[in-house]
Amino acid sequence: MARQQGYAVITGPDGVTELRTSTCAHCQHLTHMHAGQRAADLGGHCRICDKDICGRCVDLGSCTPWEEQMRRMEARQDALRSYGISP
Amino acid sequence: MSKYAAPGTVAAVTTGYKSCMILRAPPTAMRRIKLGDFVVGAGDVPADNVCNLKILRSTTVGTLTDVVPTALDPADAACVSILGNLVTVEPTTGGVALMAFAMNQRATYRWVAAPGEELIIPATANNGLAIQVQSPAYASVFGGSVIFEE
């Protein structure tokens, strides 16, 4: 997981710290990328959806992109509402 | 998609996590919400304490005060998404924290997503993102602002 997908700025008493962040394609977990950090500590790359993922999703070993998870949630809500059930 | 901004606070940080801002979809006419920018910080007299933050997905409203987000472009339509703050009863949150970090009470933290890499809230009723804070010593106002698209 090495592609920058966000940017964090911490303005504190000791000055300004700027960090790159990476967003997991499966769960949207945000990871701060520190200079010199080992690539393995940042997560990995899903070979199925070809996107960067966090360490937890690497351990899960399956591929369900966040887009697909949202599509399922929205479809479930639409189905329940079509039956007259409020989710 | 149009961009909107809204501020939110928690009146008193406690030793348990409390939501300072909850961006959520309304119960009807939902749209996907893309959180692309937020800034948070403590609002009282500076001191060296730790504030722990995390972002969780929420699935209920809780008991809170709603803020109507403002369109960054005045020509855009009114926002349908809602930002809740001054939470008294926390919403149901679940799953793994999307982000968890610690910051000095004197610090300000800002996160900005690269275009297309925003945190997305699905278009399902009352689903949202809760930015929560706790501190073992700081016990006053904490808040910030969010900028999002819908």
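Since the structure is predicted, the reported quantities are computational estimates derived from the model, not experimental observations. (Residues numbered from 1 in each chain as written. Chains lettered and ligands numbered in written order. Predicted model: local features only at pLDDT ≥ 70, side-chain atom pairs only at ≥ 80, totals over all residues. Heavy atoms only, no water.)

1. Let's talk about helix H2 (residues 66-82) of chain A
Because each turn of an α-helix spans 3.6 residues, side chains separated by three or four positions end up pointing in the same direction. Here H2(A) contains 17 residues, and its C-alpha end-to-end distance of 24 Å stays within 8% of the 24 Å for a straight helix at 1.5 Å per residue. For H2(A), the complete set of buried residues consists of Trp66(A), Met70(A), Glu74(A), Gln77(A) and Leu80(A). One face of H2(A) carries all of its buried residues, which in axial projection span an arc of 125 degrees. Pointing more than 90 degrees away from the buried face of H2(A) are the exposed residues Arg76(A) and Ser82(A). Tucked inside the fold, the buried residues of H2(A) contact strand S4 (50-58) and strand S10 (119-121) of chain B. Of the residues flanking the end of H2(A), it is Gly84(A), one or two places downstream, whose phi is positive at about 85 degrees. (Helix = DSSP H or I, 4+ residues; strand = E, 2+ residues; numbered from the N terminus. Expected span 1.5 Å × (residues − 1). Buried < 20%, exposed > 50% of the residue type's maximum accessible area, 1.4 Å probe, protein only. Arc of directions from axis to C-beta. Contact = heavy atoms within 4.5 Å.)

2. Here's the deal with unusual backbone geometry
Leave glycine aside and you will find that most residues have negative phi; peptide bonds, for their part, are mostly trans. Positive phi outside glycine occurs at Gln28(A), with the angle close to 70 degrees. Look at Gln28(A) and you get buried, because its relative accessible area is 5%. Positive phi outside glycine occurs at Asn126(B), with the angle close to 65 degrees. The residue Asn126(B) is located in the loop between S10 and strand S11 (128-134) in this model.

3. So, the nonpolar core
Residues Phe38(B) and Phe142(B) are the most contacted members of the largest nonpolar core, which totals 41 residues. Those residues in contact with Phe142(B) that sit more than four places away from it in its chain are Thr9(B), Val10(B), Val13(B), Cys20(B), Val40(B), Gly41(B), Ala42(B), Gly43(B), Cys51(B), Leu53(B), Met103(B) and Val133(B). (Core = buried A, V, L, I, M, F, W, Y, C linked by side-chain atoms within 4.5 Å.)

4. A closer look at the packing of aromatic side chains
For any pair of aromatic rings, the description rests on two quantities: the centre-to-centre distance and the angle between the ring planes. Residue and element names in this part refer to chain B. This structure, assessed with the given rule, holds four aromatic pairs over all chains. Seen in terms of ring centroids, Phe101 and Tyr109 are 4.0 Å apart; in terms of plane orientation they differ by 25 degrees. Their pairing is stacked. Residue classification places Phe101 among the buried positions, given a relative accessible area of 11%. Among the aromatic residues, those joined into a cluster by ring pairs are Phe38, Phe101, Tyr109 and Trp111. (Phe/Tyr/Trp six-rings, centres within 6.5 Å; stacked < 30°, edge-to-face > 60°.)

5. Some points on empty space enclosed by the protein
Residue and element names in this part refer to chain B. This structure, assessed with the given rule, holds one cavity of 30 Å³ or more. Estimated volume of the largest cavity: approximately 30 Å³. If you trace the largest cavity, you find it lined by Met21, Ile22, Leu23, Leu35, Leu83, Leu129, Ile131 and Val146. Contributing elements (two or more residues each) for the lining of the largest cavity: strand S2 (18-24) and S11. Top contributing element to the lining of the largest cavity by residue count: S2, with three residues. (1 Å grid on protein atoms, 1.4 Å probe; cavity = no way out; pocket = protein on both sides within 12 Å on 5 of 7 lines; lining within 4 Å. Points joined across faces, edges and corners; volume = space filled by probe spheres on them.)

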